[in-house]
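Coordinate analysis (summary)
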Amino acid sequence: MTGTIQNRDAFLNKIAGQLGRSRITTPVERPQWKFRPQDEVLKDASQDELLEVLKEQCKRIHTTIYTTDLINLGSTLNGVVADFGGGPIVTWKDERFAEWGLNSLMKSEWQSQNIDVFEWDPAKGAENISKAENANIGITISEVTLAESGTAVLFSDENKGRTVSFLPAASVVLIPKSSLVPRMTQAAQKMREIHDKTGRVASCINFITGPSNSADIELNLVVGVHGPVKATYIVINDI
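Residues numbered from 1 in each chain as written. Predicted model: local features only at pLDDT ≥ 70, side-chain atom pairs only at ≥ 80, totals over all residues. Heavy atoms only, no water.

**Description of the sheet that holds strand E4 (residues 137-141)**
Taken in spatial order, the 6 strands line up as E1-E12-E7-E4-E2-E3 in an open sheet, and their pairing is parallel. Each edge of the sheet is formed by a strand with only one pairing partner; in this case those strands are strand E1 (64-68) and strand E3 (117-119). Sheet twist, expressed as the mean angle between neighbouring strand axes with direction ignored, is 20°. Sheet analysis places strand E7 (residues 170-176) next to strand E12 (residues 230-236), joined by 7 bridges and oriented parallel. From the neighbouring strand, Val173 faces E12, where its bridge partner is Tyr233. (Pairing = 2+ DSSP bridges. Helix = DSSP H or I, 4+ residues; strand = E, 2+ residues; numbered from the N terminus. Axes fitted to C-alpha atoms, helices over the stretch in contact; angles between N-to-C directions.)

**Focus on the sheet that holds strand E8 (residues 180-181)**
With respect to topology, 4 strands assemble into an open sheet ordered E8-E5-E6-E9, the strand pairing being mixed. Each edge of the sheet is formed by a strand with only one pairing partner; in this case those strands are E8 and strand E9 (204-208). Two elements, strand E5 (residues 144-146) and E8, share 2 bridges in a ladder whose sense is parallel. Bridged to Thr145 within E8 is Leu180.

**Quick notes on the pattern of salt bridges**
Evaluation of the coordinates by the stated rule reveals 13 salt bridges. The partner of Lys177 in a salt bridge is Asp48, and the shortest N-O contact between them spans 2.3 Å. One end of the pair, Lys177, is in the loop between E7 and E8; the other, Asp48, is in helix H2 (residues 47-60), with 129 residues separating them in the sequence. Judged by relative accessible area, which is 10%, Lys177 ranks as buried. Using a relative accessible area of 47% as the deciding quantity, one classes Asp48 as partly exposed. For the salt bridge of Arg96 with Asp94, the shortest nitrogen-to-oxygen distance reads 2.7 Å. A relative accessible area of 17% means that Arg96 is categorised as buried. (Salt bridge = Lys/Arg side-chain N within 4 Å of Asp/Glu carboxyl O. Buried < 20%, exposed > 50% of the residue type's maximum accessible area, 1.4 Å probe, protein only.)

**Details of unusual backbone geometry**
Phi is mostly negative for residues that are not glycine, and the peptide bonds are mostly trans. Omega for the bond connecting Gly87 with Pro88 falls within 30 degrees of zero, at 5°, which places this linkage in the cis form. With respect to the helices, strands and loops of the structure, Pro88 is situated in the loop between helix H3 (70-83) and strand E2 (89-91). Backbone geometry at Leu42 places phi at a positive 55°, although glycine is not the residue there. Among the secondary structure elements, Leu42 is positioned in the loop between helix H1 (8-18) and H2. By relative accessible area, which is 28% here, Leu42 ends up partly exposed. For His62, which is not a glycine, the phi torsion comes out positive at approximately 60°. Relative to the helices and strands, His62 resides in the loop between H2 and E1. Residue class for His62 comes out partly exposed when judged on its relative accessible area of 44%.

**Topic: the nonpolar core**
Residues Leu77, Leu102, Trp110, Ile139, Val172 and Leu174 are the most contacted members of the largest nonpolar core, which totals 42 residues. Those elements that provide at least two residues to this core are H2, H3, E2, helix H5 (103-112), E4, strand E6 (151-156), E7 and E12. Here this core takes 5 residues from E7, the largest share from any one element. Val172 has contacts with Leu77, Val80, Phe84, Ile137, Gly138, Ile139, Thr140, Thr232 and Ile234, leaving out every residue within four places of it along the chain. Formed by 7 residues, the second largest nonpolar core is a distinct cluster that contains Leu146, Val153, Ala187 and Met191. (Core = buried A, V, L, I, M, F, W, Y, C linked by side-chain atoms within 4.5 Å. Contact = heavy atoms within 4.5 Å.)

**What about the pairing of E6?**
Burial within E6 is extensive, with 6 of its 6 residues counted as buried. What you see with E6 is no split at all: Thr151, Val153 and Phe155 on one side and Ala152, Leu154 and Ser156 on the other are buried throughout. The pairing of E5 with E6 spans 3 bridges and is antiparallel. Considered in E6, the bridge of Leu146 is made with Thr151.

This is a description of form; function is not addressed.
Written as structure tokens, this is what we have:
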């Protein structure tokens, strides 16, 4: 839905006047910085090297990580779900699950095992949140994955509710290997590219680094203070 902005020019003109200058109405040219150290971190790393960096970082953020190909993705995911104790499970409504051959697992095998699976449905409103709140496992997909920090970047939309990633007790994030980038720098660049191309960005962008955690003033780390208390990454070799 597109809103209407009321009295914008008058408001901005008044602010500029209070600053003692005329309002700037021409586009601001972005500075060309001489030094950009943020671009140098893992600059020439291959996808395999970025994966090794991600694996090492997962040890520090208390996150289990698996690597698999598309052929074995179903069995890997099924094993992770079993390790977490089964359902209820809540997932995004995402066509990539079918493209990756997971339909039979999600829509048939788990149901035959009496594992409840709920797919996010925007038409069901608050029921989606209730299902996520009572789920044991939430399954999402990372759009961009930051190797340096072990961070999965999730783009929300009407079919990809953000509560799927933080209300269930455990989080399983599927990570295409092609989504691996060195750090936040490249994620920000990709989001700008998406905005420049489409004129919009996701309704919510979550940067998730393993399970929930907190540290007191003495830096004693406590993992699992709220949802999710456990997290697993499954990296899919899609390249």
